[in-house]
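# Understanding the architecture of this molecule
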Amino acid sequence: MTFRCRRPGAATFIEFGGPAIHRAELNGRVIPIDGFAGGRLPLRDLAAENTLRLQATGAYSNDGTGLNRFEDPVDGRVYLHSQFGEHAAYLGYACFDQPDLKATFGFTVKAPDGWVVVSNTGGVLGDDGVWTFPPTKLLSTYITALVAGPYHAVHQDHRGIPLGLYCRRSLARYLDPEEFFEITQQGLDFFARRFGHPYPFGKYDQLFVPEFSAGAMENAACVTFHEKRLFRSRVTEAERMDRAVVILHEMAHMWFGDLVTPRWWDDLWLNETFAEYMGYLGAAEATRFKTAWIDFATATEAGAKAQDQLPTTHPIVADIPDVESVTLNLDGITYNKGAAVIKQLVAWVGEDAFFRGVEAYFKANAYGNTDLADFLRALEQASGRDLGSWSRAWLEAAGVNTLQALIEAEGGRIRWATVVQAAPADHPTLRPHRLRLGLFDLSGSGLRRRKAIELDVDGAATAVPQMAGEPVPDLVLVNDGDLTYAKAALDSGSLSTLARHLRDIDDPLARALAWEALWDMVRDAQLRARDYLTIALDNIGVETDAMTLSSLIGRIERVIESFSDPAHRPSVRSLVALAARGRFDRSEPGGDVQLLWARALIRAARDPDAVAWVRGLLDGTAEAKGLSVDFEVRWGAVDALATIGAAGDDLIAAELERDPTDEGRRAAASARAAQPLAEAKQAAWKVAVDDEAAAMATRRAVAAGFHRPDQLDLLDAFVQPYFESLMPVWESHDAEEAISIIRWMYPRAVVTHEVVDATDSVLAGVLPGPVRRSLLESRDAVARALRAQAFDRS
């Protein structure tokens with residue numbers, strides 16, 4: 001390693017997370033290694049130009065950081081992959097692990113015969129079995145990468161860019177290279193055109209790696225993905241669209257994040273915000289997934305609003321004082337709200353000006369480091385808009401606003417109309433919004449938009465003179481078109497219209513936004529859970545878009561499990577199961593709608609006929625024309641039966657024998673944990689909390705099975721042990737791993753005031769910041785559920 005020092009004679013340190021450094025030479029002289037502690041080796045008396053040589057031993061991991069080692073249970077083959085973001089490159093090799101210290105990297109790797117090694121540049125295998133990778137362009141440490149093993153590979157060329165796809169050999173049949181290459185080629189062309197800058201890193205490899213700790217990682221020219229993006233079972237078009245958005249998100253990082261990189265971790269949010277927005281834009285404009293913005297409204301923005309109403313919400317621009325705070329702030333504010341705010345920014349400055357600014361930004365800063373001010377300056381110069389006040393309101397202040405249209409009418413016509421804006425007391429910022437008001441009328445069998453009014457809204461109240469004299473509409477939809485990020489409140493007349501005619505809205509995006517408004521109300525205990533379920537079951541039949549339907553079914557289940565009065569729960573679940581069976585029977589065999597309702601029926605099954613049908617899926621006796629009873633459906637059935645005590649260890653073991661993969665093992669572990677048995681819960685607790693040898697992917701699966709809302713009598717016994725385990729877990733694991741366990745095992749299914757009180761008692765003491773934040777967020781979910789349940793009883 002060579003590096004410069006601006007002040008010769010100064011001292012610094014190199015980071016390395018392995019167990020041992022055996023020898024160190026600085027500028028040709030051996031330096032003491034007894035000072036190596038806490039991952040840092042002191043380097044003293046530096047010269048202007050320095051050369052450091054280390055001989056060291058690293059350690060493989062199974063928690064998804066550093067260099068992860070995995071043995072395939074199907075064929076015994078071993079696979080390695082790196083995960084160096086954020087601030088984890090030092091776990092793989094010695095380096096100055098911060099984003100503003102860019103360098104060129106040349107790797108050489110000795111690997112077993114038959115292995116493939118992939119990195120940021122194209123490697124060459126020598127006769128001696130050593131892979132040599134030519135030096136990269138200037139990169140930050142966290143986007144370097146190394147993947148090695150007997151991977152199956154498929155290659156293609158696109159306009160001179162070598163493309164590669166890699167996965168484990170046991171998963172090769174699920175790779176689907178045609179679809180991956182199609183999305184990849186469409187994305188590369190789209191971004192090069194939109195950004196006014198060709199793809200910067202030569203080749204483009206995408207690798208699906210086992211036990212990956214993230215969804216995906218934007219390593220330059222060597223993008224890694226969680227293997228869940230390889231579909232072993234029949235999936236909906238919505239799940240394919242979600243995968244396409246992730247592919248495009250990571251690709252956008254090649255420019256925004258890899259070519260131009262933040263100076264420090266406090267601007268990492270801008271990477272994710274921009275890439276999330278571009279993932280959806282690319283899907284909608286460059287691929288077959290033209291309804292991507294509906295998914296954005298129902299998933300991305302909904303997640304942002306939920307996160308933004310937590311007691312731990314924070315500005316998009318967050319202070320990152322140290323590396324432990326990096327992952328903590330990569331949350332729904334960073335990804336979801338940030339992307340929604342970028343969408344608002346595009347509307348605010350205009351799309352053409354936005355992309356002129358982006359092109360100038362890449363041209364001026366290629367292979368360098370920037371901060372937020374550099375990005376906003378480029379947009380200001382392109383658009384002529386002063387973004388200082390915009391940034392303070394949108395990026396530097398937390399909280400979500402609520403917008404509502406107030407109307408005074410006379411003789412069936414509007415006399416005046418105003419859009420009022422509110423903010424929570426803890427975060428009182430009122431923001432400028434570019435938005436659209438949709439006026440909808442019942443006409444025949446439809447609820448159709450009569451007029452759309454686009455305007456700038458700012459402050460507590462903004463008059464809308466364009467509405468004066470208009471007939472009073474049956475529905476006023478604030479934020480029609482989803483131009484801004486806000487909660488849209490419904491007036492009583494609009495709520496009444498939606499209760500009976502939501503299904504009649506002829507615009508799918510407008511319908512999605514109406515569903516969003518209702519969901520906000522039920523979460524805020526302004527609409528009873530049973531009333532929401534009635535509206536949902538009466539209107540859901542119109543939804544055939546898989547993403548919208550999947551989201552709505554998920555919310556119906558969330559209402560039952562969290563927001564409904566427990567006394568009502570059996571009856572409403574029975575209604576949902578009945579509705580699911582009816583929708584399943586009437587849906588097109590083999591289609592997305594059928595699959596989604598089948599999954600819903602499996603999860604809701606409680607009465608004997610429904611349970612028998614679910615069991616029949618496993619033994620082949622169920623009537624399910626067109627339904628592919630594949631791995632996912634079968635494991636879903638096993639899990640559902642285990643949850644209600646209708647499946648024991650024998651059934652789980654038999655299914656595992658059919659599917660002995662690592663994914664099957666995790667599904668079996670989750671099903672065992674779901675059983676309503678004290679011994680099953682105790683065994684699950686031991687794996688998730690106490691078994692340090694268990695991989696994080698296994699712990700996650702066990703935790704998912706452990707918490708079931710109808711098992712309060714069993715789960716109540718683990719409330720006190722959970723709080724007693726907090727500090728031991730924190731002290732015995734690294735921060736990211738500890739917080740995952742603390743978050744996964746919080747007694748979220750025990751929706752009682754006792755859990756809230758116990759959490760408050762712990763919060764009253766001294767806690768590490770990440771632990772405190774996790775507890776505050778988990779407590780908020782239980783308190784919100786208690787408020788909704790009380791309202792449902794009223």
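You'll find the structure just up there.
Note that the structure is a prediction, hence the values are computed from the model and not measured.

Within the open sheet, the three strands sit side by side as 10-13-12. Their pairing is antiparallel. This sheet does not close on itself; its edge strands, each paired only once, are strand 10 (108-110) and strand 12 (124-125). Both strand 10 and strand 13 (residues 130-132) contribute to a ladder of three bridges, which runs antiparallel. Directly across from threonine 108, in strand 13, lies its bridge partner threonine 132.

All right, on to the nonpolar core then. For soluble globular proteins, the rule of thumb is that nonpolar side chains tend to be buried together. With 224 residues, the main nonpolar core has Trp255, Met278, Phe354 and Phe375 as its most contacted residues. Here this core gets 12 residues from one element, more than from any other, and that element is helix 3 (residues 268-286). For tryptophan 255, the residues in contact, after removing those within four places along its chain, are Leu188, Phe191, Ala192, Phe195, His197, Pro198, Tyr199, Pro200, Val260 and Phe362. Formed by 16 residues, the second largest nonpolar core is a distinct cluster that contains Ile414, Val419, Met467 and Ala486.

Further remarks concern the state of the cysteines. Per the counting criterion, the structure on display carries zero disulfides. Here cysteine 5 is not cross-linked by a disulfide; its sulfur's nearest cysteine counterpart is in cysteine 95, at 18 Å. Free cysteine: cysteine 167, not disulfide-bonded; nearest cysteine sulfur from cysteine 222 at 14 Å.

Attention shifts here to the sheet that holds strand 11 (residues 116-119). Read across the sheet, five strands follow the order 7-8-9-14-11 without closing on themselves; strand pairing throughout is mixed. Each edge of the open sheet carries a strand with a single partner, namely strand 7 (60-61) and strand 11. Sheet analysis places strand 11 next to strand 14 (residues 146-149), joined by four bridges and oriented antiparallel. Residue pairing for strand 14: valine 118 is matched across the bridge by valine 147.

Per the counting criterion, the structure on display carries 46 aromatic pairs. Ring geometry for phenylalanine 195 versus phenylalanine 274: centroids 5.8 Å apart, planes at 40°, classification tilted. On the criterion of sequence distance, the pair formed by phenylalanine 195 in helix 1 (residues 177-195) and phenylalanine 274 in helix 3 is long-range, its members being 79 residues apart. Both residues of the pair, phenylalanine 195 and phenylalanine 274, belong to the buried class. An angle of 20° between the planes, with centres 5.2 Å apart, marks the rings of phenylalanine 208 and phenylalanine 225 as stacked. Residue phenylalanine 208 is found in strand 17 (residues 204-209), and its partner phenylalanine 225 is found in strand 19 (residues 222-226); the two are separated by 17 residues along the sequence. The class of phenylalanine 208 is buried, set by a relative accessible area of 1%. For the cation-ring pair, arginine 194 lies above phenylalanine 355, with the distance from its terminal atom to the ring centre recorded as 4.3 Å.

Calculation notes
Residues numbered from 1 in each chain as written. Predicted model: local features only at pLDDT ≥ 70, side-chain atom pairs only at ≥ 80, totals over all residues. Heavy atoms only, no water. Pairing = 2+ DSSP bridges. Helix = DSSP H or I, 4+ residues; strand = E, 2+ residues; numbered from the N terminus. Core = buried A, V, L, I, M, F, W, Y, C linked by side-chain atoms within 4.5 Å. Buried < 20%, exposed > 50% of the residue type's maximum accessible area, 1.4 Å probe, protein only. Contact = heavy atoms within 4.5 Å. Disulfide = S-S within 2.5 Å. Phe/Tyr/Trp six-rings, centres within 6.5 Å; stacked < 30°, edge-to-face > 60°. Lys NZ or Arg CZ within 6 Å of the ring centre and 35° of its normal.

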